[in-house]
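# A closer look at the structure
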Amino acid sequence: MQAIQDEIKQLTDQLNQHNYRYYVDDAPSIPDVEYDRLMRRLQALEAEYPELALGDSPTQRVGGEALSKFNQVTHLKPMLSLDNVFSEEEFNAFYKRVDDKLAEAPAFCCEPKLDGLAVSILYRDGVFERAATRGDGTVGEDITENVRTIKSVPLRLRGSGFPPLLEVRGEVFMPKAAFEAVNDKARAKGEKLFVNPRNAAAGSLRQLDSKITASRSLAFYAYALGVVEPETWPLAASHFEQLMQLKEWGCPVSSEVKVCADIPSVLAYYQDILTRRSELAYEIDGVVLKVNDIAQQQTLGFVAKAPRWATAYKFPAQEEITL
Ligand SMILES: Cc1c[n+]2nc(N)[nH]c2nc1OC(C)C
């Protein structure tokens with residue numbers, strides 16, 4: 001029996017490592033056919049010895065019975081929305097409001113603003129525990145079973161050094177290619193088509209049957225730390241370093257995230273992402289610019305529901321896609 005337990009553990013760790021390499025490092029480490037063989041072997045062993053299946057086994061992603069409704073979840077810390085700017089002048093005004101309040105000129109962590117759904121994921125002692133939609137920022141829906149099916153969401157954090165309770169905030173989205181495939185399938189079956197990847201992601205995440213969610217090839221990018229307990233847990237001093245830490249712990253982070261130290265480089269980043277927008281594998285509706293230094297963020301604080309230290313710089317609306 002020990003040999004079976006060892007093989008299940010080895011297969012589980014191997015498959016999770018391949019998932020990490022594929023979804024977080026963007027560097028597949030084995031051919032799909034080999035991955036599928038390992039997965040089938042693990043499924044066979046777990047079918048024969050269900051009591052030996054491990055909590056972070058990749059076979060445990062698709063839940064059991066469909067839910068009858070979604071439970072509500074009160075966020076441990078409100079999930080804030082972002083103020084927007086729509087022009088260089090408005091961005092300069094944002095920058096000035098920020099700079100006037102700081103002793104040192106701020107550097108910005110710049111990120112693509114994914115057109116998906118904001119979610120909160122809780123890891124307790126490194127293990128995936130619960131996921132919820134943003135909802136109204138204070139209360140969201142418990143979509144744990146659906147988020148569990150997203151292959152790029154780690155079921156267990158990697159490495160060490162993470163706090164006993166860690167909330168990861170990020171965007172669940174449907175890559176453009178997955179959106180095309182989902183609509184092709186719907187078209188072939190004469191079903192309703194999704195208008196855009198954001199609606200498709202929302203519709204897929206709000207499924208009461210997680211098997212449907214699992215079939216929709218959703219993806220996830222982390223964009224911020226949420227609650228950390230104990231609050232005294234040492235964290236990186238800048239937002240960019242915190243994102244890189246999340247990546248080390250196994251959470252996917254967009255490779256387009258970059259620190260820009262002054263206005264010209266922020267504006268160049270905005271233009272660069274706008275220029276490359278159609279080539280990105282996912283839909284975006286702007287870039288998010290955040291004061292990078294955490295102490296400076298705390299100096300600036302929040303006004304109403306949005307932080308003073310961040311803004312979304314939105315792109316001009318894209319012409320509607322005609323299906
Ligand atoms: C609401 C939101 C949305 N987004 N999207 C990205 N990329 N970063 C980001 N940060 C957000 O809020 C931070 C201010 C934590």
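Above: the structure in question.
No experiment lies behind these values; they were computed from the predicted model shown. (Residues numbered from 1 in each chain as written. Predicted model: local features only at pLDDT ≥ 70, side-chain atom pairs only at ≥ 80, totals over all residues. Heavy atoms only, no water.)

### Observations regarding the environment of threonine 138
- Position of threonine 138 relative to the elements: it lies in the loop between strand E5 (127-133) and strand E6 (139-141).
- A relative accessible area of 41% places threonine 138 in the partly exposed class.
- Spatially, the C-alpha atoms of threonine 138 and threonine 74 are 5.8 Å apart, while their sequence positions differ by 64 residues.
- With residues up to four places along the chain from it excluded, the contact list for threonine 138 reads Val73, Thr74 and His75. (Helix = DSSP H or I, 4+ residues; strand = E, 2+ residues; numbered from the N terminus. Buried < 20%, exposed > 50% of the residue type's maximum accessible area, 1.4 Å probe, protein only. Contact = heavy atoms within 4.5 Å.)

### Comments concerning the sheet that holds strand E13 (residues 310-314)
- The strand order across the open sheet formed by five strands is E2-E13-E10-E3-E9, and the pairing between neighbours is mixed. The sheet is open, and its two borders are formed by strand E2 (84-85) and strand E9 (258-260), each paired with just one other strand.
- When E2 meets E13, the two strands line up parallel, connected through two bridges. Among the inter-strand pairings, valine 85 is bridged to a residue of E13, identified as tyrosine 313. (Pairing = 2+ DSSP bridges.)

### What to know about the pattern of salt bridges
- Using the criterion set out here, one finds 16 salt bridges in the structure.
- Residue glutamate 34 pairs with arginine 37 through a salt bridge whose shortest N-O separation is 3.1 Å. Separated by three residues within a single helix, glutamate 34 and arginine 37 lie in helix H2 (residues 32-48), roughly one turn from each other.
- Among the residues examined, glutamate 34 registers a relative accessible area of 27% and is labelled partly exposed.
- Here the salt bridges share partners, and the residues they tie into one network are Lys113, Asp285 and Lys314. (Salt bridge = Lys/Arg side-chain N within 4 Å of Asp/Glu carboxyl O.)

### Some points on the site of the ligand
- Taken together, Leu80, Leu82, Glu111, Pro112, Tyr223, Ala224, Val288, Lys290, Pro307 and Trp309 are the residues near the ligand.
- Glutamate 111 is positioned such that a nitrogen or oxygen atom in its side chain is 2.8 Å from a nitrogen atom of the ligand.
- Interatomic distance of 3.1 Å between a side-chain N/O atom of lysine 290 and a nitrogen atom of the ligand.
- With the chains in place, 86% of the 380 Å² that the ligand exposes on its own is no longer accessible.
- Counting only elements with at least two residues in the shell around the ligand, the list comes to strand E3 (108-114), strand E8 (219-229) and strand E10 (284-291).
- Across the shell around the ligand, the residue classes tally to eight nonpolar, no polar and two charged. (Near = heavy atom within 4 Å. Polar contact = N/O pair within 3.5 Å; in protein donor to acceptor, adjacent residues only side chain to side chain. Areas by Shrake-Rupley, 256 points an atom, 1.4 Å probe, with all protein chains shown as cover. Nonpolar A, V, L, I, M, F, W, Y, C, P; charged D, E, K, R; others polar.)

### Topic: helix H6 (residues 197-205)
- Taken together, the buried positions of H6 are occupied by Pro197, Ala200, Ala201, Ala202, Ser204 and Leu205.
- Check the buried side of H6 and you find it contacts strand E4 (117-124), helix H4 (144-148), strand E7 (165-173), helix H5 (176-188) and helix H7 (210-214).
- For H6, the N-terminal capping position is held by asparagine 196, with its side-chain oxygen 3.1 Å away from the main-chain nitrogen of arginine 198.

### Here we look at the layout of surface pockets
- Here the second largest pocket is characterised by a volume of approximately 400 Å³.
- Breaking the lining of the second largest pocket down by element, the ones donating at least two residues are helix H1 (2-23), H7 and E8.
- The element contributing the most residues to the lining of the second largest pocket is E8, with three residues. (1 Å grid on protein atoms, 1.4 Å probe; cavity = no way out; pocket = protein on both sides within 12 Å on 5 of 7 lines; lining within 4 Å. Points joined across faces, edges and corners; volume = space filled by probe spheres on them.)

### Some points on the packing of helix H3 (residues 88-100) against helix H9 (residues 263-276)
- The geometry of H3 relative to H9 is characterised by a closest axis approach of 12 Å and an angle of 140° between their N-to-C directions. It follows that H3 is oblique to H9 by the angle criterion. The element H3 and its partner H9 pack so that their crossing is right-handed. Packed against H3, whose contacting residues are Glu88, Phe91, Asn92 and Tyr95, the element H9 presents Ile263, Val266 and Leu267 at the interface.
- Among the residues forming the contact of H3 with H9, the class breakdown is five nonpolar, one polar and one charged. (Axes fitted to C-alpha atoms, helices over the stretch in contact; angles between N-to-C directions. Parallel < 35°, antiparallel > 145°, perpendicular 65-115°, else oblique. Left-handed = near helix turned anticlockwise from the far one by under 90°.)

### Some details on unusual backbone geometry
- Of note, the amide linkage connecting glutamate 229 to proline 230 takes the cis form, showing an omega dihedral of 0°.
- Within the secondary structure layout, proline 230 lies in the loop between E8 and helix H8 (239-248).
- With phi around 50°, aspartate 26 is a residue other than glycine that occupies positive phi space.
- By the secondary structure assignment, aspartate 26 is in the loop between H1 and H2.
- You will see that serine 217, though not glycine, has its phi angle at about 50°, which is positive.
- Positionally, serine 217 belongs in the loop between H7 and E8.

### Some thoughts on the packing of aromatic side chains
- Tallied over the entire structure, the rule returns 15 aromatic pairs.
- Taking the centre distance of 6.1 Å and the plane angle of 55° together, the rings of phenylalanine 94 and phenylalanine 108 count as tilted. Of this pair, phenylalanine 94 sits in helix H3 while phenylalanine 108 sits in strand E3, placing them 14 residues apart in sequence.
- For phenylalanine 108, a relative accessible area of 0% gives the class buried.
- These aromatic residues form a ring-pair network of at least three members: Phe91, Phe94, Tyr95, Phe108, Tyr270, Tyr313 and Phe315. (Phe/Tyr/Trp six-rings, centres within 6.5 Å; stacked < 30°, edge-to-face > 60°.)

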